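Structural characterization, general
Residues per chain are reported as follows:
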Amino acid sequence: MSNAAARINAFRAAVVTTVKTAMPALRQCEEQFGRFNLDDLETNIIPSPAVRIAVLKAGISDQAGGEVEANLSCAAFIITDGRERDAQAWTIAEALVVLLHSAQIWGLTKLGAPEKVEIQPLVTVKLKQRGAAIIAVEWTQRLRNLGEGIFDDEQHLLTELYVNDELWIPEAGGSNG
């Protein structure tokens, strides 16, 4: 795979890296595709405590000069279990909120400050029966210069970004060997 990475993917990976560094005692910190729910907990083995980082939505807008930016709706889902699950989940949530300070850009450039930060416990009877707690820390963050580095000189999407390394695609008009 090339060094090019779509900005949204690079953002999510940078958040994961920062959280892992700040909280080395987490047993798992990974990217999450979309909202985390009880079905995810029942179908995946997730060692606790864990944090799953998701981009839930990207509101897109064009800017002057042809630049495209996204207002990202993000969430960090905290999963804990055991006797102290509630207290542990709130402690991790508080630590994440501190990481979401106004200067937090996750080691990236062309990124606005985290905004609209909030904590929301996800409470269900099934979660209580399982002895688990899930808390979502949600925020928005503006990501500028979408598409930067993902197109070649002819404005074609770089194939390394969406093609599996094991899949061979012949060039147009080329031979099969």
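Above this text is the structure in question.
Residues numbered from 1 in each chain as written. Predicted model: local features only at pLDDT ≥ 70, side-chain atom pairs only at ≥ 80, totals over all residues. Heavy atoms only, no water.

**What about the sheet that holds strand S2 (residues 50–62)?**
To keep it simple, the criterion reads: In this analysis, strands are considered paired if DSSP registers two or more bridges between them. Only DSSP runs of H or I covering at least 4 residues are called helices, and only runs of E covering at least 2 are called strands; the numbering of each starts at the N terminus. Axes here refer to lines fitted to C-alpha atoms; in helices the fit is confined to the stretch in contact. Angles between the N-to-C directions go from 0 to 180 degrees. A contact between two residues is defined here by any heavy atoms of the two lying within 4.5 Å.
Read across the sheet, five strands follow the order S1-S2-S3-S5-S4 without closing on themselves; strand pairing throughout is mixed. One side of each edge strand has no neighbouring strand; the edge strands of this open sheet are strand S1 (28–31) and strand S4 (115–122). Neighbouring strand axes in the sheet, compared pairwise and without regard to direction, differ in orientation by 20° on average. As paired strands, strand S3 (residues 68–81) and strand S5 (residues 132–143) are joined by twelve bridges and run antiparallel to one another. Opposite Ile78, over in S5, you have Ile135 as the bridge partner. Where helix H1 (residues 7–22) meets the sheet, its contacts fall on S1, S2, S3 and S5, and the angle it forms with S2 comes to roughly 150°.

**Brief notes about H1**
For the record, the criterion: Multiplying 1.5 Å by the helix residue count minus one yields the expected span of that helix. Think of it in three bands: with a 1.4 Å probe and only protein chains considered, a residue is buried below 20% of the maximum accessible area for its type, exposed above 50%, and partly exposed in between.
In a regular helix each residue adds 1.5 Å, so 16 residues correspond to 22 Å; H1 covers 22 Å between its end C-alpha atoms and thus fits that length. Within H1, the full set of buried residues consists of Arg7, Phe11, Arg12, Ala14, Val15, Val16 and Val19. Buried residues belonging to H1 abut S1, S2, S3, helix H3 (85–99) and S5.

**Description of the environment of Ala10**
Mapping Ala10 onto the fold places it in helix H1. Along the chain, Ala10 and Trp106 lie 96 residues apart, while their C-alpha atoms are 9.9 Å from each other.

**Things to note about the packing of aromatic side chains**
Where we set the bar: Planes of paired rings set the category: under 30 degrees apart is stacked, over 60 is edge-to-face and the rest tilted, where pairs are Phe, Tyr or Trp rings (Trp by its six-membered ring) whose centres lie within 6.5 Å.
All chains considered together, the criterion is met by two aromatic pairs. Pairing Trp106 with Trp139 gives two aromatic rings, centres 6.2 Å apart and planes at 40°, and the pair type is tilted. Of the two residues, Trp106 sits in the loop between H3 and S4 while Trp139 sits in strand S5, which places them 33 residues apart along the sequence. Trp139 matches Trp106 in its accessibility class, with the two residues each being buried.

**With respect to the environment of Leu100**
Turning to its location among the elements, Leu100 is positioned in the loop between H3 and S4. Considering only alpha carbons, one finds Leu100 and Glu138, 38 residues apart in sequence, at a separation of 9.9 Å. Ignoring sequence-local partners within four residues, the contact set of Leu100 consists of Trp106, Pro114, Val117, Val137 and Trp139.

**Remarks on the pattern of salt bridges**
Just so we agree on the cut-off: Whenever Lys or Arg places a side-chain nitrogen within 4 Å of a carboxyl oxygen from Asp or Glu, that contact is recorded as a salt bridge.
Tallying each qualifying case throughout the model produces four salt bridges. Taking the shortest distance from any N to any O, the salt bridge between Glu30 and Arg52 comes out at 3.8 Å. Residue Glu30 is found in strand S1, and its partner Arg52 is found in strand S2; the two are separated by 22 residues along the sequence. Glu30 sits in the partly exposed class, given a relative accessible area of 37%. We classify Arg52 as buried; its relative accessible area is 11%. One salt bridge in this structure joins Glu138 and Arg35, with 3.3 Å as the shortest N-O distance. With Glu138 in strand S5 and Arg35 in the loop between S1 and helix H2 (38–43), this residue pair connects regions lying 103 residues apart in the sequence.

**A look at H3**
Helical geometry: 3.6 residues make up each α-helical turn, so side chains three or four residues apart lie on a common side. Selection rule: This arc corresponds to the set of directions leading from the helix axis out to the C-beta atoms.
Taking 1.5 Å of rise per residue, the 15 residues of H3 would be expected to cover 21 Å, and the 21 Å separating its terminal C-alpha atoms lies within 8% of that figure. All of the buried residues along H3 are Arg85, Ala89, Ile92, Ala93, Leu96 and Leu99. Buried residues along H3 cover an arc of 110° about the axis, so they all sit on one side. In H3, the exposed positions that point more than 90 degrees away from the buried face belong to Thr91, Glu94 and Val98.

**Points about the pairing of S2**
The two faces of the sheet receive side chains in turn, since in a regular strand these alternate between them. Pairing analysis gives four bridges linking S1 to S2, with the strands arranged parallel. Looking at S2, one finds that Gln28 is bridged to Ala50. Here S2 pairs with S3 via twelve bridges, running antiparallel. Bridged to Arg52 within S3 is Phe77.

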